[in-house]
Amino acid sequence: MFTFTQLTSFIAVAEELHFTRAAERLNMTQPPLSRQIQLLENEVGVQLLDRTNRSVRLTPAGRAFLVEARRILRQTEQATLAVRRVSTGEAGTIAVGFTAASAYSALGRLLETARAALPGVEILLQELVTRDQLKALAEGSLDLGLIRPAAVGADLTAHMVVREGLLAALPAQHPLAAETGPMPVADLAGEDFLMYSPVEARYFHELLVSIFRTARVRPVFTQYLTQVHSILALVDGGWGIALVPESAARMRFGGIVFRPVALPDPDPVELNVVWRKGNDNPALEALLRHM
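The text that follows walks through the structure, step by step, so that each part is easy to find. (Residues numbered from 1 in each chain as written. Predicted model: local features only at pLDDT ≥ 70, side-chain atom pairs only at ≥ 80, totals over all residues. Heavy atoms only, no water.)

Details of the pairing of strand β9 (residues 192-196)
Short version of the rule: Partly exposed describes any residue whose relative accessible area lies between the buried limit of under 20% and the exposed limit of over 50%, with all areas from a 1.4 Å probe on protein chains only and scaled to the type maximum. Working definition: helices are DSSP H or I runs of at least four residues, strands are E runs of at least two. Numbering for both runs from the N terminus. A clockwise path from the first strand over the helix to the second, with the strands pointing away from the viewer, defines a right-handed crossover.
Counting buried residues along β9, 4 of its 5 residues qualify, which places the element largely inside the surrounding structure. For the handedness criterion, the β-α-β arrangement of β9, helix α7 (residues 202-215) and strand β10 (residues 220-225) is classed as right-handed.

Things to note about the side chain of S102
As a reminder of what qualifies: Working rule for contacts: check all heavy atoms of both residues, and any pair within 4.5 Å makes them a contact.
Counting through the fold element by element, S102 comes out in the loop between β3 (92-98) and α5 (106-117). Setting aside residues up to four positions removed in sequence, S102 forms contacts with L107, L146, R148 and L271.

Regarding the layout of surface pockets
Summary: where empty space remains is shown by rolling a probe the size of a single water molecule over the atoms. In plain terms, the rule: Cavity and pocket criteria rest on a 1 Å grid covering protein atoms alone: a 1.4 Å probe that fits but cannot get out defines a cavity, protein on both sides within 12 Å along at least 5 of 7 lines defines an open pocket, and an atom within 4 Å of a point defines a lining residue. Grid points are joined across faces, edges and corners, and a volume is the space filled by probe spheres set on the points. Residue polarity is assigned by list, with Asp, Glu, Lys and Arg as charged and Ala, Val, Leu, Ile, Met, Phe, Trp, Tyr, Cys and Pro as nonpolar; anything else, Gly included, falls into the polar class.
In this structure, the largest pocket occupies an estimated 440 Å³ of space. Around the largest pocket, the lining is made up of 24 residues, and of these T130, E200, A201, R202 and Y203 lie nearest the centre. Every element with two or more residues in the lining of the largest pocket is listed here: α6 (130-139) and α7. Counting residues per element, the lining of the largest pocket draws most heavily on α7, which supplies 5 residues. Partitioning the lining of the largest pocket into residue classes produces 15 nonpolar, 4 polar and 5 charged. Computed from the structure, the second largest pocket encloses a volume of approximately 220 Å³. Elements that contribute at least two residues to the lining of the second largest pocket include exactly α5, β6 (156-164) and β13 (269-276). Considering every element that reaches the lining of the second largest pocket, the biggest residue donor is α5, with 4 residues.

Some points on the environment of E127
Along the chain, E127 turns up in strand β4 (residues 121-127). Classification of E127 as partly exposed rests on a relative accessible area of 44%. Once the C-alpha coordinates of E127 and L146 are considered, the two residues, 19 residues apart in sequence, prove to be 9.7 Å apart. E127 has contacts with F98, A100, Q227 and H229, leaving out every residue within four places of it along the chain.

Brief notes about the sheet that holds strand β11 (residues 242-245)
Here is the rule: Two strands make a pair as long as DSSP finds a minimum of two bridges between them. Comment: axis = line fitted to C-alpha atoms, over the contacting stretch for helices; angle = value between 0 and 180 degrees taken between N-to-C directions.
What the 4 strands build is an open sheet, ordered β8-β12-β7-β11; its pairing is mixed. Of all the strands in the sheet, just β8 (183-184) and β11 have a single pairing partner and so form its edges. As defined by bridge partners, strand β7 (residues 166-171) adjoins strand β12 (residues 256-262) across 5 bridges and the pair is classed as antiparallel. Across the sheet, residue P171 finds its bridge partner in β12, namely I256. Strand contacts of helix α8 (residues 228-236): β7, β11 and β12, with the helix running at about 140° to β11, the strand carrying the most contacts.

Focus: the side chain of E41
Position of E41 relative to the elements: it lies in helix α3 (residues 30-44). With residues up to four places along the chain from it excluded, the contact list for E41 reads V46, Q47, L48, L49 and R51.

Laid out in structure tokens, this is it:
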């Protein structure tokens, strides 16, 4: 197979049609240049150049090979550049996991940061609950996760990116929806309440249980659900009240009224970005530098 040196030598001679000028262009002497052309012609099995003491011209085969030689050289340069960009994090892919609710808060900002700082990096999105994200991060199928606070192993790094309050999501026809101002947690006593699953949505479940315990309030849990949008769909249908993160109010449901909740901690809901310490993806490292 011909070499990169043979290709560049042929292209120089084909463009200059003069061995001396081509040798000067390549910063080499003429005998080694002639040798490279001979080796190339032996390799491809055809004569590429007609050369006499007075002139050099391309044969028909040489003209056809010049097109291919330039294409090969261009592809080689592009491949080299692509590899260098991947190694510096300027190109490549980052697999990002997110919870449904985080799509309305931190995910948009993360994507904007990636688009502005790393336009050559492709972001692959996967919607997963926190538990499944942690598993995927440990297995290496995810590079970055947007999760609710959870116990993470020593191989993971977590950094808080969002704190926000809770809103009461009320069916529009509910009496509490007609009132104004922050709603006391005590108003939820005895109300039909759409609760988060203790397994798939453990963070929100434990957060609300703690809030209700502190306020000594006992709503009537009618359903246990995982995703915020599913909870809001049931609120919209008049099936009960729910507490959701502030960012969830961006989901447009015509039959829901949102009211802030009066809490000792005005911003109890947290969202973390998490990644595996041993992850050697240069694109991830580059993104983390811009976050």
